[in-house]
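Descriptive analysis of the structure
Each chain is listed here by its residues.
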Amino acid sequence: MMQPAESFDPARDSAMTCLVTGAGSGIGRAIALAFARERAHVIVNDLPSSAALYELREDIEALGARCTIAAGDVADPECVRQLFAGIEWLDVLVNNAGILQESPVTEITDAAWDRMIKVHLYGAFHFSREAARLMKQQRHGAIVNIASDLGQLGCENLSHYSAAKGGIIAFTKSLARELAPHGARVNAVAPGGVLTPMVEALGDRYVEAEAARYPLKRLGTPDEIAEVVRFLSSDAASFMTGQIVGVNGGGVMNG
Ligand code: NAD
């Protein structure tokens, strides 16, 4: 059960409020800490089983920022509704929570396909739907979705993951068009391979092969993704919406 986030009073707390899903590990953790360095009030989400959120809260508070834990499964719409019941103002939403599972298409079960789409695509939808309601009232806000270069390129043995990320890219562009008249911006970051527990779990050989396919011949770091997310969330990116920003060592070159 997701706990309602503690209510935000703009008069009491003038710092911006940023919500990051899947913040307990890897890229999400780095994004949460990047917002904390800006003294934002950071609302951090991950699965209820994630003890990592408590450690993250200590790290955020050590940076002098406020942190609220909002644990829950992003795939559960009722959980997400309850979480938003406690939020009166939201400057930034980052849809980052994700899972990875390698499997040939012939071996993907209906349940595995469902879970992949539910966590990535429904998760981003559930949070964006609630955030959009607030941002339309506020006439202000930024949403950043974490897609993947695999949503652009496709990938063997990751067809469900790649399909989910391709869906997030189309969702980003649609939402950007819909919210632009209401003063809110929506962009996505499409990382290439980033050294996080998600990728480390696939083993050293996978990591080496991944690094070799990028012109820069290495994987990215979570901080390299977080920095671009921070930029897209900020007023410095005030003329950017509907963009899919590749942070991928040159693995995809658009334009
Ligand atoms: P990670 O496994 O280190 O972190 C993902 C976090 O999401 C975990 O803390 C996990 O508990 C959480 N999570 C998973 N399911 C959840 C759910 N249902 N509800 C709430 N939280 C949930 O992985 P990461 O590499 O940091 O990935 C973060 C995002 O970046 C994901 O969307 C991933 O697809 C994307 N991405 C990663 C890479 C990469 O190479 N690492 C590349 C491109 C995109």
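How each quantity is defined
- The residue count restarts for each chain, going from 1 along the sequence in the order it is written.
- The predicted origin of the model limits local features to residues at a pLDDT of at least 70 and limits the giving and counting of side-chain atom pairs to 80 or more, whereas totals for whole chains, interfaces and linings rest on all residues.
- No hydrogens and no water enter the side-chain calculation; it runs on all heavy atoms of the structure.
- Helix and strand definitions here come from DSSP, where helices need a minimum of 4 consecutive H or I residues and strands a minimum of 2 consecutive E residues; each element is numbered from the N-terminal end.
- As defined in this context, the radius of gyration uses C-alpha atoms, and a globule is described by 2.2 Å times the residue total to the power 0.38.
- Exposure classes here rest on a 1.4 Å probe applied to the protein chains alone. A residue is buried below 20% of its type maximum, exposed above 50%, and partly exposed in between.
- Only heavy atoms matter for contacts: two residues are in contact if any of them lie within 4.5 Å across the pair.
- For every accessible area listed, the method is Shrake-Rupley and the probe measures 1.4 Å; residues are considered covered only by the protein chains on display.
- Neither His nor the chain termini are counted; the positive set is Lys and Arg, and the negative set is Asp and Glu.
- In this description, the location of a charge corresponds to atom NZ of lysine, CZ of arginine, CG of aspartate or CD of glutamate.
- When DSSP finds two or more bridges between a pair of strands, those strands are recorded as paired.
- The convention used is that axes are lines fitted to C-alpha atoms, helices contributing only their stretch in contact, and that angles between N-to-C directions extend from 0 to 180 degrees.
- For each residue, the test is whether any non-hydrogen atom lies within 4 Å of the molecule or strand; if one does, the residue is near.
- N or O atoms closer than or at 3.5 Å make up a polar contact, with two conditions inside protein: a donor-capable atom paired with an acceptor-capable one, and, for residues adjacent in sequence, both atoms drawn from side chains.
- Three classes are used, and their members are as follows: Ala, Val, Leu, Ile, Met, Phe, Trp, Tyr, Cys and Pro are nonpolar, Asp, Glu, Lys and Arg are charged, and the others, Gly among them, are polar.
- Think of a nonpolar core as a cluster: buried Ala, Val, Leu, Ile, Met, Phe, Trp, Tyr and Cys residues, connected wherever their side-chain atoms sit within 4.5 Å.

1. As for the overall build of the protein chain
Secondary structure assignment for the protein chain yields nine helices and seven strands. Relative to the compact-globule value of 18 Å for 255 residues, the protein chain shows a C-alpha radius of gyration of 17 Å, a close match. If one aligns the C-alpha atoms of the protein chain with their principal axes, the spans along those axes are about 50 × 40 × 35 Å. Scored against the burial criterion, the 255 residues of the protein chain give a buried share of 52%. Once local pairs closer than 6 in sequence are excluded, the contacts in the protein chain between residues at least 24 apart make up 76%. For the protein chain, the exposed area adds up to about 11,600 Å²; of that, 53% sits on carbon and sulfur atoms. Across the protein chain, 22 positive and 30 negative side-chain charges occur, with their mean positions spaced 6 Å apart.

2. Quick word on unusual backbone geometry
We note that N157 has phi near 65°; this positive angle belongs to a residue other than glycine. Note that N157 resides in the loop between α5 (150-153) and α6 (159-179). With phi around 55°, K217 is a residue other than glycine that occupies positive phi space. Tracing the sequence through the fold places K217 in the loop between α8 (204-212) and α9 (222-233).

3. Side note on the sheet that holds strand β1 (residues 17-20)
The parallel open sheet is built from seven strands, whose spatial order is β3-β2-β1-β4-β5-β6-β7. Of all the strands in the sheet, the pair left with one neighbour each is β3 (66-69) and β7 (244-247). The average angle at which neighbouring strand axes cross in this sheet is 20°, direction not considered. Two elements, strand β2 (residues 41-44) and β3, share four bridges in a ladder whose sense is parallel. What sits directly across from H41, in β3, is R66. Running at roughly 165° to strand β6 (residues 184-191), α9 makes contact with β4 (92-95), β5 (141-146), β6 and β7 of the sheet.

4. Description of the site of the ligand
Near the ligand you find 31 residues, and of these S25, D46, Y161, V194 and T196 are the closest. Contact between the ligand and T196: an oxygen atom at 2.5 Å from a side-chain N or O atom of the residue. Contact with the protein chains removes 92% of the 830 Å² of surface that the ligand exposes when unbound. Among the elements of the structure, α1 (26-37), α4 (110-138), α6 and α7 (197-200) are those that each provide at least two residues to the shell around the ligand. Grouping the amino acids of the shell around the ligand by side-chain chemistry returns 14 nonpolar, 13 polar and four charged.

5. As for the nonpolar core
Within the largest apolar cluster, 33 residues are counted, with the highest numbers of intra-cluster contacts made by F35, V44 and I60. Looking at this core element by element, the count peaks at eight residues for α1.

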